[in-house]
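Listed below are the residues making up each chain.
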Amino acid sequence: MAVKVLVVDDQILPRQLFESIINNAEGFELIASINSATLADLYCARGGVDLIIMDVVMADGYSGLDAAFKIKKSYPTIKIIIVTSMPDALFLAKAREIGVDSFWYKEVQDAPMIDVMNRTMAGENIYPDEAPEVWVGHVKNTELTDREMDVLRMLVNGYTDGEIADKLGVSYHTVRFHLNSLLTKSGCSTRTDLAIQAVKSGIVVPTN
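These figures come from a predicted structure and were not determined experimentally.

**Focus: the pattern of salt bridges**
In step 1: Enumeration over the complete set of coordinates arrives at 13 salt bridges.
In step 2: Salt-bridge contacts for Arg-147 lead to Asp-150; the nearest nitrogen and oxygen are separated by 3.2 Å. Here Arg-147 pairs with Asp-150, and both are found in helix α6 (residues 146–156), just 3 residues apart, close to one helical turn.
In step 3: What makes Arg-147 partly exposed here is its relative accessible area of 30%.
In step 4: Through salt bridges that share partners, Asp-88, Arg-147, Asp-150 and Arg-153 make up one connected network.

**Considerations on the packing of helix α7 (residues 161–168) against helix α8 (residues 172–186)**
When two helices pack together, their arrangement is given by the angle between the helix axes and by the axis-to-axis distance.
In step 1: In the contact formed by α7 and α8, the axes pass within 8 Å of each other and the chain directions differ by 110°. Overall, the two elements α7 and α8 adopt an arrangement that is roughly perpendicular. Seen from α7, the contacting residues are Asp-161, Gly-162, Ile-164 and Ala-165; seen from α8, they are Tyr-172, Val-175, Arg-176 and Leu-179.
In step 2: Looking at side-chain class alone, the contact of α7 with α8 contains 5 nonpolar, 1 polar and 2 charged residues.

**Focus on the environment of Gly-162**
In step 1: With respect to the helices and strands, Gly-162 occurs in helix α7.
In step 2: Separated by 146 residues in the primary sequence, Gly-162 and Gln-16 place their C-alpha atoms 46 Å from one another.

**Re the layout of surface pockets**
In step 1: Roughly 480 Å³ of volume is contained in the largest pocket.
In step 2: Forming the boundary of the largest pocket are 22 residues, of which Asp-88, Phe-91, Val-205, Pro-206 and Thr-207 lie nearest the centre.
In step 3: Of all the elements in the fold, those that place two or more residues in the lining of the largest pocket are α3 (64–74), α4 (89–98) and α6.
In step 4: Counted by class, the lining of the largest pocket contains 12 nonpolar, 5 polar and 5 charged residues.
In step 5: Looking at the second largest pocket, its volume works out to about 310 Å³.
In step 6: What lines the second largest pocket is a set of 18 residues, and nearest its centre among them are Ala-89, Glu-130, Ala-131, Asn-141 and Asp-146.
In step 7: Elements represented by at least two residues in the lining of the second largest pocket include exactly α4 and α6.

**A word on the pairing of strand β3 (residues 51–55)**
In step 1: Counting buried positions along β3 gives 5 out of 5 residues, so the element sits mostly inside the fold.
In step 2: The side-chain alternation of β3 yields two buried faces, one formed by Leu-51, Ile-53 and Asp-55 and the other by Ile-52 and Met-54.
In step 3: Pairing of strand β1 (residues 3–8) with β3 involves 4 bridges; the strand directions are parallel. Residue pairing across strands places Val-5 opposite Leu-51, the latter belonging to β3.
In step 4: With 5 bridges joining them, β3 and strand β4 (residues 79–84) adopt parallel strand pairing. Note on β4: the bridge partner recorded for Met-54 is Ile-82.
In step 5: Read from β3 through α3 to β4, the crossover connection turns out right-handed.

Scoring rules and cut-offs
Residues numbered from 1 in each chain as written. Predicted model: local features only at pLDDT ≥ 70, side-chain atom pairs only at ≥ 80, totals over all residues. Heavy atoms only, no water. Salt bridge = Lys/Arg side-chain N within 4 Å of Asp/Glu carboxyl O. Helix = DSSP H or I, 4+ residues; strand = E, 2+ residues; numbered from the N terminus. Buried < 20%, exposed > 50% of the residue type's maximum accessible area, 1.4 Å probe, protein only. Axes fitted to C-alpha atoms, helices over the stretch in contact; angles between N-to-C directions. Parallel < 35°, antiparallel > 145°, perpendicular 65-115°, else oblique. Contact = heavy atoms within 4.5 Å. Nonpolar A, V, L, I, M, F, W, Y, C, P; charged D, E, K, R; others polar. 1 Å grid on protein atoms, 1.4 Å probe; cavity = no way out; pocket = protein on both sides within 12 Å on 5 of 7 lines; lining within 4 Å. Points joined across faces, edges and corners; volume = space filled by probe spheres on them. Pairing = 2+ DSSP bridges. Right-handed = clockwise from strand over helix to strand, strands pointing away.

Shown next as structure tokens:
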């Protein structure tokens, strides 16, 4: 019996790619291809969904990870493969926490999607070891510390230095130290430029 697959991606080309893979794969059947994660659980409620291939960042602002969390709570037997082109390491961590079955980067992947689909349906959890390596100005994301990434995420989301200090439980001067380190490493001349470069690279996705 064919595995029934739901594709959820707001970008036309990736959606068409997944549709083509499924339509040409033995043992899989495409039941629907939609552009919003807000509708995913409705398809699950109708029954007949075995596997979901779902993007994270949607044009309507609703996260595929939030949809995955909701679906996993209500329909734990449905397998979910999260796909993204954004190298924000938080996506990997959150997907694992939610219980997403597998994770696949669109531009950088170790295995073809059909292999990931087959292995996921066989009970494996397929995850990359880490987010893809990208540049933020003159520095690679892998060269930034965890604390620098915490500060950078809050900077991108519009928090002031004082608010960042309060949320991270550190001093104002510590926040300034990390910001100066980020500026030096990246070669960015201003905080605004740093935030722009971080968003362009995809290592931070604004949530506010």
